[in-house]
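The primary structure of each chain is shown beneath.
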Amino acid sequence: MLKVEHIGIAVKDLKNSNELFSKLFNKQPYKVETVASENVSTSFFQVGETKIELLEATGPESAIAKFIEKRGEGIHHIAFEVADIEAEIVRLKNEGFTVLNDTPKNGADNKRIVFLHPKTTNGVLIELCEEIKQ
Ligand code: CMX
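Residues numbered from 1 in each chain as written. Predicted model: local features only at pLDDT ≥ 70, side-chain atom pairs only at ≥ 80, totals over all residues. Heavy atoms only, no water.

Draft legend 1. Layout of the site of the ligand. Not every one of the 18 residues close to the ligand is listed here, only the nearest: Glu38, Arg71, His76, His117 and Lys119. Measuring from a nitrogen atom of the ligand, one finds a side-chain N or O atom of Glu38 at 2.8 Å. Within the side chain of Arg71, one N or O atom sits 3.0 Å away from an oxygen atom of the ligand. When isolated, the ligand has an accessible area of 960 Å², and the protein chains bury 73% of it. For the shell around the ligand, the elements supplying multiple residues, two or more each, are strand E4 (50-57), helix H2 (63-71) and strand E5 (74-81). (Near = heavy atom within 4 Å. Polar contact = N/O pair within 3.5 Å; in protein donor to acceptor, adjacent residues only side chain to side chain. Areas by Shrake-Rupley, 256 points an atom, 1.4 Å probe, with all protein chains shown as cover. Helix = DSSP H or I, 4+ residues; strand = E, 2+ residues; numbered from the N terminus.)

Next up, the structure:
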């Protein structure tokens, strides 16, 4: 694992939260992107070396909709950048973690991603991501 790539925050209304976080950070998001496969609309803020992702559900089946219904808005996941996502999937499975998908999916901001079930990581949803090389 290389570094924390971003922190994901579940929000009810992306437009309102973009305004709120723009005031907080004193800058606009550098990207707003809908990821149909994940049923989310996202925005990304660069704060120094740290990226913050805001996530709004695009429908009731979205993981974000379920999360907000159960727990309310707040920190949803921590994403770690990895050098070789396939190798990390194998390593973490061998260590006993539950990896939610066997093969990486395409996620927001030009990344291949997988998640680890929070029940196997002390209640924290962990994402692994690897930059898609063009
Ligand atoms: N962080 C911590 N715990 C979480 C969680 C989260 N983000 N989301 C769900 N949970 C908890 C629930 O509160 C519940 O706990 P309790 O049993 O104590 O109530 C438990 O996990 C439920 O687990 P589940 O029954 O297996 O299933 P859910 O339908 O709630 O799904 C999860 C949970 C993590 C498997 C699902 O949200 C998932 O697959 N997430 C990965 C995909 C995702 O989050 N996509 C959106 C982001 C995409 C992006 O970043 O671009």
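Now that the structure has been shown, we can carry on.
Draft legend 2. Molecular detail of the packing of aromatic side chains. Summed over the entire model, instances satisfying the criterion amount to 4 aromatic pairs. A ring pair is formed by Phe21 and Phe45, whose centres lie 6.5 Å apart and whose planes are at 40°; its orientation type is tilted. Taken together, the positions of Phe21 in helix H1 (residues 14-25) and Phe45 in strand E3 (residues 40-47) put the pair 24 residues apart, joining distant regions of the chain. Taking the relative accessible area as the measure of exposure, Phe21 reaches 13% and is therefore buried. Judged by its relative accessible area of 0%, Phe45 is buried. Here Tyr30 and Phe44 contribute two aromatic rings whose centre-to-centre distance is 6.1 Å and whose plane-to-plane angle is 40°, an arrangement assigned as tilted. Note that Tyr30 is positioned in the loop between H1 and strand E2 (31-35) and Phe44 in strand E3, a separation of 14 residues in sequence. (Phe/Tyr/Trp six-rings, centres within 6.5 Å; stacked < 30°, edge-to-face > 60°. Buried < 20%, exposed > 50% of the residue type's maximum accessible area, 1.4 Å probe, protein only.)

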